[in-house]
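Now for the letters of each chain:
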Amino acid sequence: MHSFRYVDGSLKCEGVDLTSVAESVGTPAYVYSAETIRGNYRRLDAALAPLSDRMICYAMKANSNLSVLNLLVKEGAGFDIVSGGELYRVLRAGGRADRCTFAGVGKTAEEIDYALRQGIYSFNVESEEELERINEVAGRAGLVAPIAIRVNPDVDAPTHKYISTGKSKNKFGIGLDRAASVYARAASLPHLRIKGLQTHIGSQILKAPPFAEAITKLTPLVLELKSAYGLEFFSIGGGVGIVYHDSLESGDPAWWDSGSGERLTPEAYAAEVVEPLKVLGLRILFEPGRFIVGNAGVLLSTVLYRKSTPTKNFVVVDAGMNDLIRPALYEGHHEIEPLVQPTSATLEKVDVVGPVCESGDFFAQDREVPVLSPGDRIALMSAGAYGFVMSSTYNARPLLPEVLVEGDKATVVRERQTWDDLIRGEKIPD
Ligand code: LLP
């Protein structure tokens, strides 16, 4: 579901014409729809409603703009965080630490201390050494750390190799074979309190059965831990995929991704996971990131030049791989829609590329798109998740502005960086 539509030939986000946003803030720029973010959250929450004790911890690594977090705080979301900086953002956005779970394989002692003192809901522990470290830090602070262990269920969830996490060859979690003994060790440490078990099988997953498979594989262990240590929660992680192909036309109700030929609605996901989760008799946590914000954002860009070689036609735009790295890093597909609907149905096969000095700086290769000329503006669709948050200033390109649309109102929720911002904190030695 999303709120991007052509109305009278102009691409709109809710009630706002994206051309007017491009004119007022310039391009490139990210634009998010508040209605879409809220709608996605509510739809997932409604689908999971049969689980009376549930907490949706939005995986804020997907998009951590304060305005997005604040919107989700108001919806009642908790947060899945992976750094001290993310916790700081949650608190600054009006969220509560006791609704945050702290994941990640490399938490530092400082981050652990900060999260403990803020009263985090749980640390999702990824290794034995980390367990010892959390115990130590908690002891020094005179506190007891709530923990869950991330257990790797060794489930194959079809997705890009860089975002698959649930196999034993991945760096994440502790193997199912060793989990019971790590819990026993945790129980023996004085400054830890066993609170839950967490798992996550990967990201951009468009089939529900792998989630159910992970639950089934972990159920005996979870029940055993529940009776041994009084487990309070089970977290199934995130990973529900979104539509990237034909994202403008399809969306709801088709929810069909022509690229992969697959789809996963929140209802289909819930139909597969709710029953096996209910059996556990625990609080259930979900950590969706991409599902909540992915289709809620676009990256606006302007065509700078056209250029041809004997074998290729290039369209050079003002956004680059430093602004949206998904195509370069994961072969990610983002639909390209002109902000003004073309009057001609003619398509041409082009590479849409950015200005960065890398051959990997492309948004589309050999793709049929409407004829684009210098000055035309486009939207790179479904860029709300892992878009701005993964951007960098490579090639000394300032970070982009972010705009939040709500009905007829567009608010700049992050200013575009200036060249002065780029050099802030740098120094030439005397
Ligand atoms: N929980 C854990 C423990 C995770 O590692 C992740 C994502 C999530 C939840 C949220 O997953 P989601 O619901 O968003 O699929 N940058 C990549 C995706 C990396 C995902 C990392 N972990 C991309 O652009 O495709």
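Bear in mind the structure is a predicted one, so any value in this text is a computation, not a measurement. (Residues numbered from 1 in each chain as written. Predicted model: local features only at pLDDT ≥ 70, side-chain atom pairs only at ≥ 80, totals over all residues. Heavy atoms only, no water.)

A word on the overall build of the chain
Each helix and strand counted, the chain has twelve helices and 21 strands in total. Against the compact-globule benchmark of 22 Å for 430 residues, the chain has a radius of gyration of 23 Å, which places it among compact chains. The dimensions of the chain, computed from C-alpha atoms along their principal axes, are 70 × 60 × 45 Å. Counting across all 430 residues of the chain, residues that qualify as buried make up 56%. For the chain, restricting intrachain contacts to residue pairs at least 6 apart in sequence, the fraction spanning at least 24 positions comes to 70%. Approximately 17800 Å² of the chain is accessible, and the part contributed by carbon and sulfur atoms is 51%. Counting 45 positive and 55 negative side-chain charges, the chain places the centres of these two groups 4 Å from one another. (Helix = DSSP H or I, 4+ residues; strand = E, 2+ residues; numbered from the N terminus. Rg over C-alpha atoms; globule rule 2.2 N^0.38 Å. Buried < 20%, exposed > 50% of the residue type's maximum accessible area, 1.4 Å probe, protein only. Contact = heavy atoms within 4.5 Å. Areas by Shrake-Rupley, 256 points an atom, 1.4 Å probe, with all protein chains shown as cover. Lys, Arg positive; Asp, Glu negative; His and termini not counted. Charge placed at Lys NZ, Arg CZ, Asp CG, Glu CD.)

Some points on the domain arrangement of the chain
With domains assigned, the chain is organised as domain 1 (4–13 + 22–28 + 295–419) and domain 2 (34–293). For domain 1 and domain 2, the distance between their C-alpha centres works out to 31 Å. Where domain 1 meets domain 2, there are one salt bridge. The partner of Glu406 in a salt bridge is Arg38, with the nearest N and O atoms 2.9 Å apart. For the interface between domain 1 and domain 2, the tally reads ten residue pairs in polar contact (both at pLDDT 80 or more). Contributing elements (two or more residues each) for the side of domain 1 that touches domain 2: β1 (4–7), α11 (326–330), β20 (402–406) and β21 (409–414). The element that contributes the greatest number of residues to the side of domain 1 that touches domain 2 is β20, accounting for four residues. (Domains from an automatic or database assignment. Salt bridge = Lys/Arg side-chain N within 4 Å of Asp/Glu carboxyl O. Polar contact = N/O pair within 3.5 Å; in protein donor to acceptor, adjacent residues only side chain to side chain.)

With respect to the packing of helix α7 (residues 176–188) against helix α8 (residues 209–229)
Pairs of packed helices are described in terms of their axes, by the angle between the two and the distance that separates them. In the contact formed by α7 and α8, the axes pass within 11 Å of each other and the chain directions differ by 15°. It follows that α7 is roughly parallel to α8 by the angle criterion. Considering how the two elements wind past one another, α7 and α8 form a crossing that is right-handed. Each of Leu176, Ala179, Ala180, Tyr183, Ala184 and Ala187 in α7 lies in contact with α8, whose residues at this interface are Lys217, Leu218, Leu221, Glu224, Leu225 and Tyr229. (Axes fitted to C-alpha atoms, helices over the stretch in contact; angles between N-to-C directions. Parallel < 35°, antiparallel > 145°, perpendicular 65-115°, else oblique. Left-handed = near helix turned anticlockwise from the far one by under 90°.)

Some details on the sheet that holds strand β2 (residues 10–13)
The sheet built from three strands is open, its strands ordered β1-β2-β3 with antiparallel pairing. Two strands bound the open sheet, and with one partner strand each, they are β1 and β3 (16–17). In the sheet, β2 pairs with β3 via two bridges, with the strands oriented antiparallel. Along β3, the bridge assignment pairs Cys13 with Val16. (Pairing = 2+ DSSP bridges.)

A few points about the pattern of salt bridges
One pass over the full model with this rule turns up 24 salt bridges. Here Arg43 ties to Glu267 by a salt bridge, and the two come within 2.8 Å at their closest N and O atoms. Highlighted residues: Arg43 in helix α2 (residues 34–47) and Glu267 in helix α9 (residues 266–278), separated in sequence by 224 residues. Given the relative accessible area of 19%, Arg43 is considered buried. Given the relative accessible area of 37%, Glu267 is considered partly exposed.

Topic: the site of the ligand
Around the ligand, the surrounding shell holds 19 residues, and the nearest of these are Ser203, Glu287, Arg326, Tyr330 and Tyr386. Here Tyr330 contributes a side-chain N or O atom positioned 2.8 Å from a nitrogen atom of the ligand. Its free accessible area being 580 Å², the ligand has 92% of it covered by the protein chains. Looking at which domains feed residues into the shell around the ligand, each of domain 1 (4–13 + 22–28 + 295–419) and domain 2 (34–293) supplies at least three. (Near = heavy atom within 4 Å.)

Thoughts on helix α5 (residues 109–118)
Of the positions making up α5, those classed as buried are Ala109, Glu111, Ile112, Ala115 and Leu116. Buried residues in α5, looked at end-on, bunch into an arc of 160°, giving them a common side. Counted as exposed and oriented over 90 degrees from the buried face of α5: Glu110 and Arg117. Looking at the buried residues of α5, the elements they touch are α4 (84–92), β7 (100–102), β8 (122–125), α6 (128–141) and β9 (145–152). Looking one or two residues beyond α5, the residue adopting positive phi is Gly119, at roughly 85°. (Arc of directions from axis to C-beta.)

Some remarks on the side chain of Thr36
You can see Thr36 is positioned in helix α2. The exposure class of Thr36 is buried, given its relative accessible area of 0%.

A word on the packing of α6 against α7
Axis separation between α6 and α7 bottoms out at 11 Å; the angle between their running directions is 15°. Comparing their axes, α7 and α6 come out roughly parallel. Crossing of α6 over α7 shows right-handed handedness. Note on element contacts: α7 touches α6 through Arg178, Val182, Arg185 and Ala186, opposite Glu128, Leu131 and Glu132. When its residues are assigned to classes, the contact of α6 with α7 shows three nonpolar, no polar and four charged. (Nonpolar A, V, L, I, M, F, W, Y, C, P; charged D, E, K, R; others polar.)

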